[in-house]
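Descriptive analysis of the structure
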Amino acid sequence: MLCFQEHISKLEFTLRAYNLSDSMELISSFGQQSDLHSKILKRLALMVSLTLLSMPVLAFKYIDYVSRSRSSENISEEVSLNKQLAYRVDLFLSVHPYSKPLALLVATLLLIFLGGLALFGVKDDSLAECLWLSWTYVADSGNHTDSEKIGERLVSVSISFGGMLIFAMMLGLVSDAISEKFDSLRKGRSKVVEQNHTLILGWSDKLGSLLNQLAIANESLGGGIVVVMAERDKEEMELDIAKMEFNFKGTSVICRSGSPLILADLKKVSVSKARAIIVLAEDGNADQSDARALRTVLSLTGVKEGLRGHIVVELSDLDNEVLVKLVGGDLVETVVAHDVIGRLMIQCARQPGLAQIWEDILGFENCEFYIKRWSQLDGMHFEDVLISYPDAIPCGIKVASLGGKIILNPDDSYVLQEGDEVLVIAEDDDTYAPAPLPTVWRGSLPKDFIVPKSAERILFCGWRRDMEDMIMVLDAFLAPSSELWMFNEVAEKEREKKLIDGGLDISRLVNITLVNREGNAVIRRHLESLPLQSFDSILILADESVEDSAIQADSRSLATLLLIRDIQAKRLPMVTHVQRGSFSQGSWIGEMQQASDKSVIISEILDPRTKNLLSMSKISDYVLSNELVSMALAMVAEDRQINDVLEELFAEEGNELQIRQADLYLREGEELSFYEVLLRARQRREVMIGYRLANAERAVINPPSKSERRRWSVKDVFVVIAEKE
């Protein structure tokens, strides 16, 4: 029994030994099979990566072959396959904004994937580890230095080389994006994130004066924001603005390049949030300029968000005003620059010194118009309102019952109603307020206020587009039997045609007779053919042929002025009198100053720098047309209600600024306060706004200390708002 159990134990031991041997053989064979499968998989991965890498080359070769075969068959109507593919790629990269970064991302992922497959084929690591190594080789080309086998090194170098290309393309894209952004900022393509700013559309010679006036207007607020958009380079605009010789007083000027006819460009300057939009007229042809202004107004009215502020449009021709207002509706206020200046020159020729008064009233440096409601004045007569402001001059009423219509120079008996506002001339909107009524003596006028008119002889040097309008205005102002001489280079037959085309019927002129002379105003012998010493006033106009160049037009005007004054000085008898100004009587300027005492010359000046020469010489009065128009544009931009006042003062009918002799209101040596003289002017239905003493060069508008008495001279003059005669 014992032997039998031992025999069984031996058999079990032998069986276990056989089983163990079989297991080892099985494990060995399984390991061999696993290694074989791994090698096959790695070789397959290597082959796949090589195949994928070679596929683009084979595809390009095939496309090129097909394209050549088609071209050899003369199929001209079909575009070759490679060109179609290039076009599709170019279209994709051009149309989609993120196509380049997306293509770079795809190329990077493809390189990592193919590199990982190739590494998996030459290394013993897992696929995940090989993909990670591929990424490190792409990101940093120095990571493959620990590769030992020749296959690993070849694959690692290839991946690193592709990584360097990817990195170079990425740098190029980033560099291009940064350069494009800075270029966009430099060229003014970025959006203006502002509100309640003043927007100026266009660029002209008036921009400098306009910016100066807006800066002065915003000074009391600590400065403002002015945005200028024009079809010019942003850097050029900023350079030109930096050269302007005035203090911006805290106002910031932002420039943007763009067209006011494109809605995207208008949105770029926050047009819907601007409190006022000024459309400047272009230099050059008047009809083209007004047509562009009309298209600009159409673009502005097409802004979907709507406009918060009003539009101030500078027009060149009065005939185009109706159409612009029709298109713009209640949003638009117009300033017809050319026609306004022509009428102003006629007023200044009849009343020397009026141009300086207009400069003071239109500009924000001195006194200007303001409209405000004062409830404490309700129920008061306008005559009492006139003397209720120690620091302002009331000159009109905005009548609430008439829908806000502004009445200049109303009747003394008009009683202010609830809702009425008072139009005044004051230094600023916060510098005046009504005070208790002072005691003012109401005297009587010293003589009859009817001033008889006498015939005059006037000379126009140069030709303007609105010549027919100036002639009609002059015919209404002058006494019968007056003469208007026109001296310019336009042929006489062509002049008549231009005047008729402009709407002038020469046969209907009542008070003036036209005398035509042809010649060049800068040639002395041509001017000497005229009786220059016999004219009451001479108007030197900025000639139509050169008016688009301010410097050239002013140079011609100055040359004409000096020649006329010199000819007058030679023809007039010399009179010895005291030295005038800083020039002695014996000097050539002194002789011209003596000639200026005999006749009035009004020169139209376009460039503000030219006025310094005329101010120093004192041989001519001048109308600084561009600056006056800029002042009017700025004033209407700040308060659109003022445009109604300016339109009446410049119109053919209604009220206007006039300069009156003192002997119409007082006697020689009479002591009166300004309030007393003002009330005497009310007997002539006039609003007195200032005076100019006999020995003073400039007028005083809205004088201080209106209740203080002073001794006046009959040689003094007063500035009034009165109805046109």
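Before reading further, recall that the structure is shown in the block above.
1. Focus on the sheet that holds strand E8 (residues 392-399)
One open sheet accounts for four strands, arranged E7-E10-E8-E9; its pairing is antiparallel. Each edge of the open sheet is held by one strand with a lone partner, namely strand E7 (368-372) and strand E9 (405-408). Between one strand and the next, the sheet's axes are offset by a mean angle of 30°, whatever the strand orientation. Strand direction decides the pairing type here: E8 and E9, joined by four bridges, are antiparallel. From the neighbouring strand, Val 399 faces E9, where its bridge partner is Lys 405.

2. Remarks on the pattern of salt bridges
For the coordinates displayed, the defined rule picks out 31 salt bridges. A salt bridge links Glu 604 to Arg 464, with the shortest nitrogen-to-oxygen separation between them at 2.8 Å. Placement of Glu 604 in strand E15 (residues 600-605) and of Arg 464 in the loop between strand E11 (457-461) and helix H14 (467-477) is noted, with a sequence separation of 140 residues between them. Accessibility classification places Glu 604 together with Arg 464 in one group, the buried group. Salt-bridge contacts for Arg 524 lead to Glu 528; the nearest nitrogen and oxygen are separated by 3.0 Å. Relative accessible area serves as the criterion here: at 31%, Arg 524 is assigned to the partly exposed category. Judged by relative accessible area, Glu 528 falls into the partly exposed class, the value being 38%. Sharing partners across several salt bridges, the network here consists of Arg 524, Glu 528, Asp 566 and Lys 570.

3. Focus on a nonpolar patch on the surface
Taken together, the side chains of Phe 167, Met 170, Leu 171, Val 174 and Ile 178 make up a nonpolar region of the molecular surface, amounting to roughly 450 Å² of accessible area. Inspection of the secondary structure puts Val 174 in helix H5 (residues 150-186). We classify Val 174 as partly exposed; its relative accessible area is 44%.

4. Remarks on the packing of aromatic side chains
Centre-to-centre distance and the angle between the planes together describe a pair of aromatic rings. Counting across every chain of the model gives nine aromatic pairs. Seen from their ring centres, Trp 374 and Tyr 432 are 5.8 Å apart, and the 65° between their planes marks the pair as edge-to-face. Taken together, the positions of Trp 374 in the loop between E7 and helix H13 (382-386) and Tyr 432 in the loop between strand E10 (421-426) and E11 put the pair 58 residues apart, joining distant regions of the chain. Given the relative accessible area of 14%, Trp 374 is considered buried. Residue classification places Tyr 432 among the buried residues on the basis of a relative accessible area of 4%. Relative to Phe 718, the ring of Trp 712 has its centre 5.1 Å away and its plane inclined at 50°; by these criteria the two rings are tilted. Summarising the burial analysis for this pair, Trp 712 and Phe 718 share the class buried. Among the aromatic side chains, those forming a connected cluster through ring pairs are Tyr 665, Phe 674, Tyr 691, Trp 712 and Phe 718. Here the guanidinium or amino end of Lys 372 rests over the ring plane of Tyr 432, the centre of that ring lying 5.2 Å away.

Parameters and conventions
Residue positions within a chain follow its written sequence, with the count starting from 1. Side-chain atom pairs in this predicted model are given and counted only at pLDDT of 80 or more, local residue features only at pLDDT of at least 70, and totals for whole chains, interfaces and linings cover all residues. Note: side-chain values were computed over all heavy atoms of the structure, leaving out hydrogens and water. Between any two strands, pairing holds if DSSP finds at least two bridges. What counts as a helix is a DSSP run of H or I of at least four residues, what counts as a strand is a run of E of at least two, and both are numbered from the N terminus. Axes here mean lines fitted to C-alpha atoms, for a helix over just the part in contact, with angles spanning 0 to 180 degrees between N-to-C directions. Within this document, salt bridges are pairs made up of a side-chain nitrogen of Lys or Arg and a carboxyl oxygen of Asp or Glu, the two lying within 4 Å of each other. Between buried and exposed lies partly exposed: a residue is buried under 20% and exposed over 50% of the maximum accessible area for its type, with that area taken using a 1.4 Å probe on protein chains only. Like-charged residues within 9 Å of one another, or nonpolar side chains (Val, Leu, Ile, Met, Phe, Trp, Tyr) within 5 Å, are grouped into patches, provided each residue has over 30% relative accessible area and no salt bridge. Every accessible area reported is derived by Shrake-Rupley at a probe size of 1.4 Å, with residue values counting cover from the shown protein chains alone. Any two rings among Phe, Tyr and Trp, with Trp reduced to its six-membered ring, count as a pair given centres within 6.5 Å; such a pair is stacked if its planes are under 30 degrees apart, edge-to-face if over 60, and tilted if neither. Whether a charge sits over a ring comes down to the Lys NZ or Arg CZ being within 6 Å of the ring centre and within 35 degrees of the ring normal.

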